Amino acid sequence: MKGASSAQVLRHGVFAVAVGVVGAAASVVLCLVVGWAYDLVCAHGWLLYLLPIFAVASLLLYRALRLPLDTTTHTVINDICADRPISPALAPGILLGTALSILGGASVGKEAAALHMGASLGDLVARPLKLRPLTGVWKGGSRADGAGGTSGGDGAVGSAGASGGAGIGGGASGGVHAYAASCGMAACFAALFFAPLGSTAFVIELSRYDRSVWRHAPFMLLACFVAFGLASIIGIGDVIPKVPLPALSWPVVGQCVVIAVACALVGTVYIQIIDGAQRLTKRISQNYYLWAALGGVLMAVLVTLFDWRGFEGTGANLLSDALAGRAGGWTFAVKALLTIVCLGLWLRGGEIMPTFTVGALLGASCTVMTQGDPAFSAAVGLVAFFAAMSRCPVTAFLMGCEIFGWAAAPAFALAVAVSFSLGRDVGLYGRGAIGILKRATSAARARLVVKKP
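So, here is what we can say about the structure in this document. (Residues numbered from 1 in each chain as written. Predicted model: local features only at pLDDT ≥ 70, side-chain atom pairs only at ≥ 80, totals over all residues. Heavy atoms only, no water.)

**Focus on the overall build of the chain**
Right, on to step 1. On a plain count of helices and strands, the chain comes out with 19 helices and six strands.
Right, on to step 2. Counting across all 453 residues of the chain, residues that qualify as buried make up 57%.
Right, on to step 3. Considering only contacts within the chain whose residues lie at least 6 apart along the sequence, 81% involve residues at least 24 apart.
Right, on to step 4. For the chain, the exposed area adds up to about 17100 Å²; of that, 68% sits on carbon and sulfur atoms. (Helix = DSSP H or I, 4+ residues; strand = E, 2+ residues; numbered from the N terminus. Buried < 20%, exposed > 50% of the residue type's maximum accessible area, 1.4 Å probe, protein only. Contact = heavy atoms within 4.5 Å. Areas by Shrake-Rupley, 256 points an atom, 1.4 Å probe, with all protein chains shown as cover.)

**Looking at the packing of helix α17 (residues 393-404) against helix α18 (residues 409-422)**
Right, on to step 1. Axis separation between α17 and α18 bottoms out at 9 Å; the angle between their running directions is 150°. The pairing of α17 with α18 is recorded here as roughly antiparallel in orientation. For the element pair α17 and α18, the recorded crossing hand is right-handed. Contact residues: α17 offers P393, A396, F397, G400, C401 and F404, while α18 offers A409, F412, A413, V416 and F420.
Right, on to step 2. The residue inventory of the contact of α17 with α18, partitioned by class, reads 10 nonpolar, one polar and no charged. (Axes fitted to C-alpha atoms, helices over the stretch in contact; angles between N-to-C directions. Parallel < 35°, antiparallel > 145°, perpendicular 65-115°, else oblique. Left-handed = near helix turned anticlockwise from the far one by under 90°. Nonpolar A, V, L, I, M, F, W, Y, C, P; charged D, E, K, R; others polar.)

**Here we look at helix α13 (residues 331-344)**
Right, on to step 1. Relative to the 20 Å expected for 14 residues at 1.5 Å per residue, α13 spans 20 Å between its end C-alpha atoms, a close match to the ideal helical length.
Right, on to step 2. Of all 14 residues in α13, 11 are buried; the element is thus mostly enclosed.
Right, on to step 3. Along α13, the residues classified as buried are F332, V334, K335, A336, L338, T339, I340, V341, C342, L343 and G344.
Right, on to step 4. Buried residues along α13 sit in contact with α10 (250-284), α11 (288-306), α12 (316-323) and α14 (352-365). (Expected span 1.5 Å × (residues − 1).)

**Overview of the pattern of salt bridges**
Once the charged atoms of two side chains with opposite charge are near each other, the side chains can pair.
Right, on to step 1. By the definition in use, this model includes seven salt bridges.
Right, on to step 2. For the salt bridge of R84 with D79, the shortest nitrogen-to-oxygen distance reads 2.9 Å.
Right, on to step 3. The partner of R127 in a salt bridge is D123, and the shortest N-O contact between them spans 3.4 Å.
Right, on to step 4. Residue classification places R127 among the partly exposed residues on the basis of a relative accessible area of 31%. (Salt bridge = Lys/Arg side-chain N within 4 Å of Asp/Glu carboxyl O.)

**Quick look at empty space enclosed by the protein**
Right, on to step 1. Inspection of the entire model under this criterion finds four cavities of 30 Å³ or more.
Right, on to step 2. In this structure, the largest cavity encloses a volume near 50 Å³.
Right, on to step 3. Along the walls of the largest cavity sit 11 residues, with E205, S390, C392, R431 and G432 positioned nearest its centre.
Right, on to step 4. Where the lining of the largest cavity is concerned, the elements lending two or more residues are α7 (196-206) and β6 (430-431).
Right, on to step 5. Within the lining of the largest cavity, the residues separate by chemical class into four nonpolar, three polar and four charged. (1 Å grid on protein atoms, 1.4 Å probe; cavity = no way out; pocket = protein on both sides within 12 Å on 5 of 7 lines; lining within 4 Å. Points joined across faces, edges and corners; volume = space filled by probe spheres on them.)

**Details of the nonpolar core**
Considering soluble globular proteins, one finds that nonpolar side chains tend to be buried as a cluster.
Right, on to step 1. By size, the foremost hydrophobic cluster in this structure holds 143 residues, and its most contacted members are F15, F193, F202, I352, F356 and F404.
Right, on to step 2. If you tally residues by element for this core, the top one is helix α6 (residues 176-193), at 15 residues.
Right, on to step 3. Those residues in contact with I352, other than ones at most four positions away along the chain, are E111, A112, L115, F189, F193, F202, F386 and Y429. (Core = buried A, V, L, I, M, F, W, Y, C linked by side-chain atoms within 4.5 Å.)

**Here's the deal with the side chain of T281**
Right, on to step 1. Counting through the fold element by element, T281 comes out in helix α10.
Right, on to step 2. Here T281 falls in the buried class, since its relative accessible area comes to 6%.
Right, on to step 3. Engagement of the side chain of T281 in a polar contact is seen with the side chain of W346, the distance being 2.9 Å.
Right, on to step 4. When near neighbours in sequence (up to four residues on either side) are disregarded, T281 contacts Q286, W291, G344, L345 and W346. (Polar contact = N/O pair within 3.5 Å; in protein donor to acceptor, adjacent residues only side chain to side chain.)

**Here's the deal with the layout of surface pockets**
Right, on to step 1. Reported here for the largest pocket is a volume of approximately 720 Å³.
Right, on to step 2. Taken together, 33 residues make up the lining of the largest pocket; nearest its centre are D70, T71, T72, H74 and T75.
Right, on to step 3. Counting only elements with at least two residues in the lining of the largest pocket, the list comes to α3 (73-81), α4 (90-103), α5 (111-126) and α10.
Right, on to step 4. Counting residues per element, the lining of the largest pocket draws most heavily on α3, at six residues.
Right, on to step 5. Across the lining of the largest pocket, the residue classes break down as 14 nonpolar, 11 polar and eight charged.
Right, on to step 6. Each pocket or cavity is described by its volume, and for the second largest pocket that value is around 270 Å³.
Right, on to step 7. Surrounding the second largest pocket, 16 residues form its lining, C31, V34, G35, K110 and D238 being those nearest its centre.
Right, on to step 8. Contributing elements (two or more residues each) for the lining of the second largest pocket: α1 (6-43) and α12.

**Overview of unusual backbone geometry**
Right, on to step 1. You will see that F194, though not glycine, has its phi angle at about 55°, which is positive.
Right, on to step 2. The topology assignment puts F194 in the loop between α6 and α7.

**Quick notes on the environment of E351**
Right, on to step 1. Tracing the sequence through the fold places E351 in the loop between α13 and α14.
Right, on to step 2. When its relative accessible area of 6% is taken as the criterion, E351 is described as buried.
Right, on to step 3. Put simply, E351 and A112 are 239 residues apart on the chain and 6.5 Å apart in space, counted from C-alpha to C-alpha.
Right, on to step 4. Setting aside chain neighbours within four positions, we find E351 in contact with T73, A112, Y270, L343, M389, L428 and Y429.
Right, on to step 5. There is a polar contact of 2.6 Å between the side chain of E351 and the side chain of Y429.

**Here we look at the packing of aromatic side chains**
Right, on to step 1. What the rule picks out here adds up to 15 aromatic pairs.
Right, on to step 2. Judged by centre distance (5.6 Å) and plane angle (65°), the ring pair of F15 and Y179 falls under edge-to-face. You can see F15 sitting in helix α1 and its partner Y179 sitting in helix α6, a full 164 residues away along the chain.
Right, on to step 3. Between the aromatic rings of F397 and W406, the centroid separation amounts to 6.5 Å while the plane-to-plane angle is 80°, which identifies the pairing as edge-to-face.
Right, on to step 4. Among the residues examined, W406 registers a relative accessible area of 47% and is labelled partly exposed.
Right, on to step 5. In textbook terms, an aromatic cluster arises when at least three aromatic residues are bridged by ring pairs, as seen for F189, F193, F202, F356, F386 and Y429.
Right, on to step 6. One residue, R348, lies across the ring of Y62, its end atom 4.8 Å from the ring centre. (Phe/Tyr/Trp six-rings, centres within 6.5 Å; stacked < 30°, edge-to-face > 60°. Lys NZ or Arg CZ within 6 Å of the ring centre and 35° of its normal.)

Below is the structure:
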């Protein structure tokens, strides 16, 4: 790379391999711990009634580790965009916090835990290597291109990168904190889903195409493929079942459009309710212990009253049923409601697998209108709903192809394009990178017009 010393290139290569190994190990540990917790709650249903206690305990753990109680994937992303270091304590905090939620039957996932753990461990692994940016992006503590920050979903997120050229472990970071944390996130996610391309795209889109992140994409890819290779050998991760892939035809095109429209509409409501619940509770009172306990009580009451035991946990069982053609009706609404209760009221855990499940169930339910294959419809729903929720269309497309097969690429591309275009620009992780780029381009054009005589 131009302007980069061979020693730094070697250090980045070592870092990528090391973070790939660490990411794979973290993913395996996460799967084993969460799997153990879910097996326990399935075997001992009374653990559901301890969920309020587990929810409060997870927040007390965060307090003991000196982690903000309102930490979410969105806040971690904002820290990355601002080039702030990620606490090493976040890895054990989110691991144990998610396990406690699952142990009580909460409708949360472990995939966001993988992102948090990866960010924390990536930043930690990079510290002794004293990495420096390789591409000359940073000059005198500011971005060479003048891009000082990007806008998040709830306000401006300014870049807080420290000045100077020293890398992690040598003073100011110059953007390396963002890159290191993003690389760890990508590696852990790649090991969890066996999707290295989609995982790399995910962190690049989540960082809103931050230059300090995407310009190190080759090393991120290396880390992802190392993690993917190790996870494939071990065979522990979120193995999503394959579905029969039909040839592209006009009926299939119609099915994809109908499902994508439904995902855009439902996804927008789903996101706004979760985000609105978190904002409202913070405005009323920042006593997160109270809200988490209330969330645990509501979850237990709803599951008991309506016999929704099958909707506890990450939703992997429901996803498998949907992809096997054994789901439909209003089951997507039940899973969405329970996930909204848990995430909106600050229980520890993630949103990605529950979102995959809601999307797949919604896609399967659309067969009432499309008369299409329910298994393939579930796969399309998973991809389209994730695009609407995350505002990361490239990631949704690549992960769909890596999980289900590249033969479905035209169908997934169509579904993602429709769902992303019709969905609200602010997703669960803030404003989408593409929306930010569009607004920046429009603003630049407007300035040029004003400058013309």
